[in-house]
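Remarks on the overall topology
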Amino acid sequence: MDAFIDGLMSKMTIEEKIGQLNLVTAGEATTGSVVSTDVESKIKAGNIGGIFSMTSPARIRKAQELAVKESRLKIPIIFGMDVIHGYKTIFPIPLGLAATWDMPLIQKTARVAAVEASADGLNWTFSPMVDISRDARWGRISEGSGEDTYLSSRIAREMVIGYQGDDLSKNNTLMACVKHFALYGAAESGRDYNTTDMSLHRMYNEYLPPYKAALDAGAMSVMTSFNDINGVPASANHWLLTDLLRKDWKFNGLVVTDYTAVNELIDHGLGDLQKVSELSLKAGVDMDMVGEGFLTTLKKSLDEGKVSEDDINRACRFVLEAKYRLGLFEDPFKYCNEDRAKKEILTVEHLKLAREAAGKSFVLLKNENNSLPLKKQGTVAVIGPLANTGANMPGTWSVSADLNNTQSLVEAMRSVLGNKVNIVTHLGANLTDDPALQERSTMFGRTIPRDDRAPEEIIADAVKVSQEADVIIAALGESSEMSGESSSRTDLNIPESQKRLLEALVKTGKPVVLVLFAGRPMTLTWENEHVPAILNVWFGGTETGKAVADVLFGDVNPSGKLPATFPQNVGQLPMYYSQKNTGRPLAKDAWFQKFRSNYLDVNNEPLYPFGYGLSYTNFEYGAIKLDKSSISKTDQIKVTVSVKNNGNFDGEEVVQLYLQDLVGSQTRPVKELKGFQKIFLEKGKSKEVEFILKDEDLRFYNQKLEFVSEPGKFKVYVGTNSRDVQEAEFELMD
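Only a predicted model underlies this, so the values are computations on that prediction, with no experimental measurement involved.

Calculation rules
Residues numbered from 1 in each chain as written. Predicted model: local features only at pLDDT ≥ 70, side-chain atom pairs only at ≥ 80, totals over all residues. Heavy atoms only, no water. Helix = DSSP H or I, 4+ residues; strand = E, 2+ residues; numbered from the N terminus. Rg over C-alpha atoms; globule rule 2.2 N^0.38 Å. Areas by Shrake-Rupley, 256 points an atom, 1.4 Å probe, with all protein chains shown as cover. Phe/Tyr/Trp six-rings, centres within 6.5 Å; stacked < 30°, edge-to-face > 60°. Buried < 20%, exposed > 50% of the residue type's maximum accessible area, 1.4 Å probe, protein only. UniProt positions renumbered as here; feature names shortened; annotations may be inferred. Pairing = 2+ DSSP bridges. Axes fitted to C-alpha atoms, helices over the stretch in contact; angles between N-to-C directions. Contact = heavy atoms within 4.5 Å. Right-handed = clockwise from strand over helix to strand, strands pointing away. Parallel < 35°, antiparallel > 145°, perpendicular 65-115°, else oblique. Core = buried A, V, L, I, M, F, W, Y, C linked by side-chain atoms within 4.5 Å. Polar contact = N/O pair within 3.5 Å; in protein donor to acceptor, adjacent residues only side chain to side chain. Salt bridge = Lys/Arg side-chain N within 4 Å of Asp/Glu carboxyl O. Expected span 1.5 Å × (residues − 1). Patch = residues over 30% accessible without salt bridge, like charges linked within 9 Å, V, L, I, M, F, W, Y side chains within 5 Å.

Looking at the overall build of the chain
Scanning the chain from N- to C-terminus turns up 22 helices and 27 strands. On C-alpha atoms alone, the chain measures out to a radius of gyration of 26 Å, which is about the 27 Å that the 2.2 N^0.38 rule sets for 734 residues. Across its three principal axes, the chain shows a C-alpha extent of roughly 75 × 65 × 45 Å. In the structure as shown, the chain presents an accessible area of about 27,300 Å², 47% of it carried by carbon and sulfur atoms.

See below:
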């Protein structure tokens, strides 16, 4: 590779080298407000290194032919797209996938996404998004794996392996792009693109590990984030992109900006387009997405001595190396096989996996008096604005989904249940009372019809329909575009229009099941108090509706666990389980104590804790057993717990292990997830679950940013979620 690229670069003009740093969009399925122009002439001139959001082997072949037949040096183009949770076969949104806690399943979904996208001509995906987020107001929490460092790191690894496979030069792989580097999920106020200000201690211990895990798994590209980091925007942050990423972490792949991020440095206040392009290149950016600041200003900056040819050569080399690793120099058309596109997209096997993944992502939040599963008989009313909208089922960031051929919840339930259950349905309420807000929340073809009558009339009609039914399923919550990029919210309640509907349905006295569609943790205090059963289904992808039917009617036993804490109200945010004690912690089980760390109006507890999720069966945990009471730094300790399924259904349980470092040189979290196992148990069966803890599991970054463990006592917790655990204690000896 080095010899080949040395030879190629020796033939390139400076303009051609700069051209390789230019990533443009062809205008299909764009994810920003800028669309590139004169793409064809720029390809011929050697002024484009990559194109994104162009699909289909025929179109990609045409563009690639321009590059390899009509440009001077015949350098192939790389083709990318936001393949976030599936390509045509759409899987649950990433937050939903995280709720499965099923690592082999998550890797399989990424592998299917790679197979389908590569069959349609693509070779680069802008995924996985590994940003830790603890503020549910931030819309892009839906696109990541939640609040926890350990869980997110495990998922990041599986996604990269799924996309890239064991050989990136195979034509059924995608080059993974880890995003958004870095700390994007900690934007102030949960407002998208906003400032991030964070200590190095928190950064290294809590926010950086998932990025590192993805790179350790072999990810070959990184995308910069929009936010500034302690005063310096990521795309101009030399410490982040060169000192940390290149020097400390030894990353030798491609660094690309997010959509027009270089240009946006102007509004950050760093200078004009020439200046910010210079800053980004020198900071360590290799490829400029859409903004074309590199293309239009770097030659002038070079002539003026503001950037060096070495800076340009470095960036050009990383772009060319990515193409070499993908095998594009050997065969520029290896991803342009139209037979693959016909045979390998939306296959029966892929749809089966999508249905399985959706069912495993659903989290049963409440099931009073075993309201679920339902019997396959009688009449069921499916009421609410999410009942009859197939376009919203795939969820946000499903840019390549076929929204016209995705079944709605009602359509899918009828297809699954046939004539066993009579299904009646009604809109019941508008998504929101505010038409302008509804329009903002149903963009990109995710339309939900509005009824312009008075809300009371709509609800009255829905109640009338529901009177025919034995059970009411309330399909409520967010539309798919109420979460995702540029979809931050300050109110995390179910919209008031739907809340009134739900109250009316509960007042009928009939059994009510809330099927909650959401792209984030929501505030469900009233619902938890008044609704007998609540099933959070996130947005489950192509097969959402069928999977909901599977779970509601007992063909699948729910096993999802929350990857993010659900607060009681938005005022508790940011909220996460791995908090630290203050010097004045609230006493255990206390609601309020004056001069302690708490609120006047609500207790400190979440509504549903991290790791929480019910099952149709019951899992009983035995006592924790440790095989020793102390270990040295070269030793290990075995943690064992017996888990028994003593309910009436076979089911899966996620056994979770947490640690607490009781005394340290600096403050430490009250709990940190350090292991989990998802196990299947038939009813009446039990299993001994073992975890091995080593010194590396006890380490953290100290004030000097040394990754160390410190002698002393540790608590180990094992349980069904982060709150409901039992504990034991051991000591690490010096």
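Now that the structure has been shown, we can carry on.
With respect to unusual backbone geometry
If a residue is not glycine, its phi is most likely negative; likewise, a peptide bond is most likely trans. Here the bond from Ser127 into Pro128 is cis, since omega is 10°, no more than 30 degrees from zero. By secondary structure assignment, the location of Pro128 is in the loop between strand 4 (124-125) and helix 7 (149-164). Of note, the bond from Leu573 into Pro574 is cis; its omega dihedral lies within 30 degrees of zero at -5°. Checked against the element boundaries, Pro574 lands in the loop between helix 22 (544-552) and strand 17 (619-621). With phi around 50°, Asn230 is a residue other than glycine that occupies positive phi space. Within the fold, Asn230 resides in the loop between strand 7 (228-229) and strand 8 (232-233).

A look at the packing of aromatic side chains
One pass over the full model with this rule turns up 23 aromatic pairs. Centre to centre, the rings of Phe517 and Phe539 are 5.9 Å apart; their planes meet at 40°, and the pair counts as tilted. Here Phe539 lies in the loop between strand 16 (533-536) and helix 22 and Phe517 lies in strand 15 (residues 512-517), a separation of 22 residues in the sequence. Residue classification places Phe517 among the buried residues on the basis of a relative accessible area of 0%.

Here we look at the UniProt feature "domain: Fibronectin type III-like" (unreviewed entry) in the chain
The residues that UniProt annotates with the feature "domain: Fibronectin type III-like" (unreviewed entry) are residues 653-722. The distance separating the terminal C-alpha atoms of residues 653-722 is 14 Å; by composition the span is 0% helix and 57% strand.

Comments concerning the sheet that holds strand 14 (residues 471-477)
If you trace the 6 strands from one edge of the open sheet to the other, you get 11-16-15-14-12-13, paired in mixed fashion. Either end of the sheet is taken by a strand with one partner, and the two such strands are strand 11 (363-367) and strand 13 (422-426). The sheet shows a mean angle of 20° between the axes of neighbouring strands, direction not considered. Bridge count for strand 11 against strand 16 is 4 bridges, and the pairing is antiparallel. Opposite Asn367, over in strand 16, you have Ala533 as the bridge partner. The strands that helix 17 (residues 409-417) touches are strand 12 (379-383), strand 13, strand 14 and strand 15; relative to strand 13, the one it contacts most, it runs at about 175°.

Some points on the pairing of strand 13
As defined by bridge partners, strand 12 adjoins strand 13 across 5 bridges and the pair is classed as parallel. Residue pairing in the sheet places Val380 in a bridge with Ile423 of strand 13. This β-α-β element, strand 12 to helix 17 to strand 13, shows right-handed connectivity.

Thoughts on the packing of helix 12 (residues 273-283) against helix 13 (residues 293-303)
Where helix 12 meets helix 13, the closest approach of the two axes is 9 Å, and the angle between their N-to-C directions is 90°. Comparing the axis directions of helix 12 and helix 13 gives the class roughly perpendicular. Here Leu273, Gln274, Ser277, Glu278, Ser280 and Leu281 of helix 12 lie close against helix 13, whose contacting residues are Gly293, Phe294, Thr296, Thr297, Leu298, Lys300 and Ser301.

Things to note about the nonpolar core
In this structure, Ile51, Trp124, Phe181 and Leu208 are the most contacted members of the largest nonpolar core, which totals 129 residues. The element best represented in this core is helix 6 (residues 103-119), accounting for 9 residues. With residues up to four places along the chain from it excluded, the contact list for Leu208 reads Phe181, Ala182, Leu183, Met203, Leu244 and Trp249. Core analysis: the second largest hydrophobic core is formed by 72 residues, Ala429, Val531, Trp538 and Leu562 among them.

Section: the side chain of Thr149
Topologically, Thr149 is positioned in helix 7. From its side chain, Thr149 meets the backbone oxygen of Glu206 in a polar contact 2.7 Å long. Setting aside chain neighbours within four positions, we find Thr149 in contact with Ile132, Arg134, Asn205, Glu206, Pro209 and Pro210.

A few points about the pattern of salt bridges
A full pass over the atoms with the stated rule returns 49 salt bridges. Taking the shortest distance from any N to any O, the salt bridge between Glu143 and Lys179 comes out at 3.2 Å. Highlighted residues: Glu143 in the loop between strand 4 and helix 7 and Lys179 in strand 5 (residues 177-181), separated in sequence by 36 residues. Take Glu143 and Lys179: they sit in the same class, and that class is buried. With a closest N to O distance of 3.7 Å, Glu690 and Lys638 form a salt bridge. Of this pair, Glu690 sits in strand 23 (residues 686-694) while Lys638 sits in strand 20 (residues 636-645); the two residues are 52 residues apart in sequence, bridging distant segments of the chain. Taking relative accessible area as the criterion, Lys638 reaches 30% and is therefore assigned partly exposed. Salt bridges sharing partners connect three or more residues here, namely Asp82, Arg140, Glu143, Lys179 and Glu485.

Remarks on helix 19 (residues 455-466)
Between the first and last C-alpha of helix 19 there are 16 Å, a value that for 12 residues agrees with the 16 Å anticipated at 1.5 Å per step. For helix 19, the secondary structure elements touched by its buried residues are strand 12, strand 13, strand 14 and helix 20 (496-507).

Points about a nonpolar patch on the surface
A surface patch of nonpolar side chains, amounting to about 340 Å² of accessible area, comprises Trp591, Phe592 and Leu600. When you line up the elements, Phe592 lands in the loop between helix 22 and strand 17.

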